[in-house]
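Letter by letter, the chains look like this.
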Amino acid sequence: MGLHGRQDGFRPFMDRTPSVSAELEGSEDIAQARSLTRSFLACLQAVHGLEVSVRAVWAIQLVVSELVTNARKYAPGPCLLTLKAGEEAVEVTVWDSESCLPVARSADPGRVGQHGLEIVTAVCSSFEMHREPGGKRITASVALADGSAGNEAGDQVC
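Notes on the structure in this doc start here. (Residues numbered from 1 in each chain as written. Predicted model: local features only at pLDDT ≥ 70, side-chain atom pairs only at ≥ 80, totals over all residues. Heavy atoms only, no water.)

Moving on, we get to the overall build of the protein chain. Helix and strand counts for the protein chain come out as 3 helices and 5 strands. Starting at the N terminus and walking to the C terminus, you meet the elements of the protein chain as β-α-α-β-β-α-β-β. Counting only residues that meet the buried cut, the protein chain has 37% of its 158 residues in that class. In the protein chain, 70% of the contacts between residues at least 6 apart in sequence involve partners at least 24 apart. Surface summary for the protein chain: the accessible area is close to 8,900 Å², and the carbon and sulfur share equals 51%. (Helix = DSSP H or I, 4+ residues; strand = E, 2+ residues; numbered from the N terminus. Buried < 20%, exposed > 50% of the residue type's maximum accessible area, 1.4 Å probe, protein only. Contact = heavy atoms within 4.5 Å. Areas by Shrake-Rupley, 256 points an atom, 1.4 Å probe, with all protein chains shown as cover.)

A few words on helix 1 (residues 29-46). For helix 1, which comprises 18 residues, the first-to-last C-alpha distance of 26 Å matches the rise-based estimate of 26 Å (1.5 Å per residue) to within 8%. Of all the residues in helix 1, the buried ones are Asp29, Ala33, Thr37, Ser39, Phe40, Leu41, Ala42, Cys43, Leu44 and Gln45. (Expected span 1.5 Å × (residues − 1).)

Spelled out as structure tokens, the structure:
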């Protein structure tokens, strides 16, 4: 029997991995990145039928905001944002032209600012940094489901 004829609720993952990328350069980058993220997550729900919890929508947008903000603040030139969905998580990757890897600072509730890396690593299931020719690549993975599914992703764009 073909996969479409199964009655046990099994659904194969999409034929191609959904992803979206954008080159960001300018003062509206963070808002554009968040909007792209909301659209991508809405598409995962509406078109691909993936469960995306309210927490995941919030966490993925937060990770995108923090990573794009850091790229725009500390690296000259544009940055590249890529969102890629797996069956259970979204991978957020930001490439920028600064080869120096960020360093997580120790927690300090009295410090104003520079908590971005702490925040990102707290909400992610995995976090990696790699130097590359001409810059660095930071990849964070955020689980899509956490038992509190909702549809807060916003407008759909596929």
